[in-house]
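One-letter residues, chain by chain:
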Amino acid sequence: MKMSQNSSGKDDQASGSKKPISLPISRVRLIMKSSPDVSSINQDALFLTTKATELFVQHLALSSFNNGSGKETNSLSYSDLANTAQETETFHFLTDILPKKILAQDYLNSLEQMQEEEGADY
């Protein structure tokens with residue numbers, strides 16, 4: 001997948017007239033309706049939410065690509081996304097969803113160390 005930050009307005013308009021959004025609207029509607037606070041969904045609100053989600057994912061991917069190791073290999077990896085979530089203030093709310101991968105043994109050692117520290121406090 002080739003990433004590029006430079007896109008012309010003509011490209012956006014040409015692709016916009018053919019297919020204005022890439023995400024499936026029915027899936028976004030299903031996710032929105034899963035909230036108990038939502039009773040009905042306006043078509044305009046559904047379209048705008050879908051488009052905003054698409055733009056957010058694109059921004060996250062471009063930031064991760066530009067700040068990660070993907071430039072050398074022309075690819076985007078999970079670790080690039082996790083690093084961007086951890087290191088960029090804008091995406092910091094995603095750290096629970098995109099945690100850095102650690103080995104199970106490292107996690108168990110960390111957990112054991114935390115339990116020892118809690119036991120020493122009492």
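Please refer to the structure higher up on the page.
Definitions and limits used
Once a new chain begins, its residue numbering starts again from 1 and follows that chain's sequence as written. Residues qualify for local features only when their pLDDT is at least 70, as the model is predicted, and side-chain atom pairs are given and counted only at 80 or more; totals for whole chains, interfaces and linings, by contrast, use all residues. Side-chain measures were taken over the full set of non-hydrogen atoms in the model, leaving aside hydrogen atoms and water. Helix numbering and strand numbering both begin at the N terminus, where a helix is a DSSP run of H or I of at least 4 residues and a strand a DSSP run of E of at least 2. Note on classification: 1.4 Å probe, protein chains only; a residue is buried when its accessible area is under 20% of the maximum for its type, exposed when over 50%, partly exposed between these limits. Contact definition: two residues touch when any of their heavy atoms are within 4.5 Å. Grouping into patches uses exposed residues only, defined as over 30% relative accessible area, and leaves out salt-bridged ones; the cut-off is 9 Å for like charges and 5 Å for nonpolar side chains (Val, Leu, Ile, Met, Phe, Trp, Tyr). Using a 1.4 Å probe, accessible areas were evaluated by the Shrake-Rupley method; residue-level cover was limited to the displayed protein chains. For salt bridges, the criterion is a side-chain nitrogen of Lys or Arg within 4 Å of an Asp or Glu carboxyl oxygen. Lys and Arg are tallied as positive, Asp and Glu as negative. Neither His nor the chain termini are counted. Charged groups are reduced to one reference atom each: NZ for lysine, CZ for arginine, CG for aspartic acid, CD for glutamic acid. Side-chain rings of Phe, Tyr and Trp, where Trp is taken by its six-membered ring, are said to pair if the distance between their centres is within 6.5 Å; with planes under 30 degrees apart they count as stacked, over 60 as edge-to-face, and otherwise as tilted. Consider the ring centre and the ring normal. A charge sits over the ring if Lys NZ or Arg CZ is within 6 Å of that centre and within 35 degrees of that normal. Fitted lines through C-alpha atoms serve as axes, helices being fitted only where they are in contact, and the angles separating the N-to-C directions of these axes extend from 0 to 180 degrees. Every angle not falling under 35 degrees, over 145, or within 65 to 115 is termed oblique; those three ranges are roughly parallel, roughly antiparallel and roughly perpendicular. Residues are sorted three ways: Asp, Glu, Lys and Arg are charged, Ala, Val, Leu, Ile, Met, Phe, Trp, Tyr, Cys and Pro are nonpolar, and all the rest, Gly among them, are polar.

## Topic: the side chain of E54
Next, step 1: If you trace the backbone, E54 turns up in helix α3 (residues 43–67).
Next, step 2: With a relative accessible area of 16%, E54 lands in the buried category.
Next, step 3: Look past the residues within four positions of E54 in its chain and what remains in contact with it is P20, I21, S22 and L23.

## Comments concerning a negative patch on the surface
Next, step 1: Residues E112, E116, E117 and E118 make up a contiguous surface patch of negative charge.
Next, step 2: Mapped onto the elements of the fold, E116 is located in helix α6 (residues 104–121).

## Examining the pattern of salt bridges
Two side chains of opposite charge can pair, provided their charged atoms sit close to one another.
Next, step 1: In this structure the tally under the stated criterion is 1 salt bridge.
Next, step 2: Across the salt bridge formed by K51 and E54, the nearest N and O atoms sit 3.3 Å from each other. With a gap of 3 residues between them, K51 and E54 both fall in helix α3, about one helical turn apart.

## Section: the environment of S63
Next, step 1: On the secondary structure map, S63 appears in helix α3.
Next, step 2: With residues up to four places along the chain from it excluded, the contact list for S63 reads T84 and F91.

## A look at the environment of T53
Next, step 1: By secondary structure assignment, the location of T53 is in helix α3.
Next, step 2: Its relative accessible area of 34% is what places T53 among the partly exposed residues.
Next, step 3: Sequence-wise, T53 and V28 are 25 residues apart; in three dimensions their C-alpha atoms are separated by 9.1 Å.

## Some words on the packing of aromatic side chains
Next, step 1: Throughout the structure, instances matching the rule amount to 2 aromatic pairs.
Next, step 2: For the ring pair F56 and F93, a centre distance of 6.1 Å and an interplane angle of 40° mean the geometry is tilted. Of this pair, F56 sits in helix α3 while F93 sits in the loop between α5 (78–87) and α6, and the two are 37 residues apart along the sequence.
Next, step 3: Positioned over the ring face of Y78 is K101, at 5.0 Å from the centre of the ring.

## Observations concerning the packing of α3 against α5
Next, step 1: Here α3 crosses α5 at 100°, and the two axes come no closer than 8 Å. With respect to α5, the axis of α3 lies roughly perpendicular. Facing α3, whose interface residues are L60, S63 and S64, α5 presents D80, L81 and T84.
Next, step 2: Here the residues of the contact of α3 with α5 are counted per class, giving 2 nonpolar, 3 polar and 1 charged.

The analysis is restricted to geometry; functional conclusions fall outside its scope.
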